[in-house]
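Each chain, letter by letter, is given below.
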Amino acid sequence: MSDFNEQIIAEFRAHHGRVTTAGFGDSLILLHHTGAKSGTVRVSPLMGIPADGGWLIAASKAGAPDEPAWAHNLRAHPQVTVETGDGEHPATARELTGADRDAAWARFVAASPGFAEYEKRTTRTIAVFSLALTDD
């Protein structure tokens, strides 16, 4: 994990979900996911958009040509934990497709113009996942 991510995670936890670094505010969640090959639990700070009692996340990686590793991990192990300012919540990840993906992606672009720039930087379709909270 990068030093930047470690700093963001520490600030997130110290301030109950609020991160002033880079102007993130309260738009982040911490995604606990399991490595597809390693089986190691990892934590990734991501912008999360509340949706249907859960969250939407986008595998933008700032428009890099390859996806973030966590996207591959979610496809292999969709059972995750979403950490918010009020605690940890079990969830199931599902990759959105077609019109559902496009509508969710539009919410990211509306929330932050940076997402439109990320889309311009890459030829890949940026994956969007729904995180449905579970009772587990």
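Our structure is the block above this text.
Residues numbered from 1 in each chain as written. Predicted model: local features only at pLDDT ≥ 70, side-chain atom pairs only at ≥ 80, totals over all residues. Heavy atoms only, no water.

### Topic: the overall build of the protein chain
Counting secondary structure elements, the protein chain contains 4 helices and 7 strands. Over its C-alpha trace the protein chain gives a radius of gyration of 14 Å, about what one expects of a compact globule, namely 14 Å for 136 residues. The principal-axis extent of the C-alpha atoms belonging to the protein chain is close to 35 × 30 × 30 Å. By the burial criterion, 41% of the 136 residues in the protein chain qualify as buried. A fraction of 58% describes how many contacts in the protein chain between residues 6 or more apart in sequence connect residues 24 or more apart. (Helix = DSSP H or I, 4+ residues; strand = E, 2+ residues; numbered from the N terminus. Rg over C-alpha atoms; globule rule 2.2 N^0.38 Å. Buried < 20%, exposed > 50% of the residue type's maximum accessible area, 1.4 Å probe, protein only. Contact = heavy atoms within 4.5 Å.)

### A word on the sheet that holds strand β2 (residues 41–47)
Pairing between the strands of a sheet comes from backbone hydrogen bonds, and it takes one of two forms, parallel or antiparallel. Here 7 strands make up an open sheet; going across it, the order is β2-β1-β5-β6-β7-β4-β3 and the pairing antiparallel. The sheet terminates laterally at β2 and β3 (49–51), the two strands that pair on one side only. Averaged over neighbouring strand pairs, the angle between their axes works out to 35 degrees when direction is ignored. Pairing of strand β5 (residues 79–84) with strand β6 (residues 87–95) involves 6 bridges; the strand directions are antiparallel. From the neighbouring strand, Gln-79 faces β6, where its bridge partner is Thr-92. In this fold helix α2 (residues 69–76) packs onto β1 (28–34), β2, β4 (54–58), β5, β6 and β7 (128–133), with an angle of close to 55 degrees to the strand it touches most, β1. (Pairing = 2+ DSSP bridges. Axes fitted to C-alpha atoms, helices over the stretch in contact; angles between N-to-C directions.)

### As for the packing of aromatic side chains
Within the structure shown, the criterion is met by 5 aromatic pairs. Grouping aromatic residues by their ring pairs yields a cluster made of Trp-105, Phe-108, Phe-115 and Tyr-118. (Phe/Tyr/Trp six-rings, centres within 6.5 Å; stacked < 30°, edge-to-face > 60°.)

### Concerning unusual backbone geometry
Positioned with a positive phi, Asp-52 is a non-glycine residue whose angle comes to about 50 degrees. Take Asp-52: it is sitting in the loop between β3 and β4. Accessibility expressed as a relative area gives 86% for Asp-52, which makes it exposed. In this model, Ala-62 sits at a positive phi of 55 degrees, which is unusual for a non-glycine residue. Its place among the elements puts Ala-62 in the loop between β4 and α2.

### What to know about the pattern of salt bridges
As enumerated under the stated definition, the model contains 6 salt bridges in all. Put simply, Arg-13 and Glu-83 hold a salt bridge, and the shortest N to O gap is 3.0 Å. Of the two residues, Arg-13 is situated in helix α1 (residues 3–14) and Glu-83 in strand β5; the sequence distance between them amounts to 70 residues. Accessibility expressed as a relative area gives 9% for Glu-83, which makes it buried. Glu-117 is the partner of Lys-120 in a salt bridge, and the nearest nitrogen-oxygen pair spans 3.4 Å. Of this pair, Lys-120 and Glu-117 are both found in helix α4 (residues 114–121), 3 residues apart, which corresponds to roughly one turn of the helix. Take Lys-120: its relative accessible area is 64%, and that puts it in the exposed class. Each member of the salt-bridge network shares a partner with another, and the members are Glu-67, Arg-75 and Glu-95. (Salt bridge = Lys/Arg side-chain N within 4 Å of Asp/Glu carboxyl O.)

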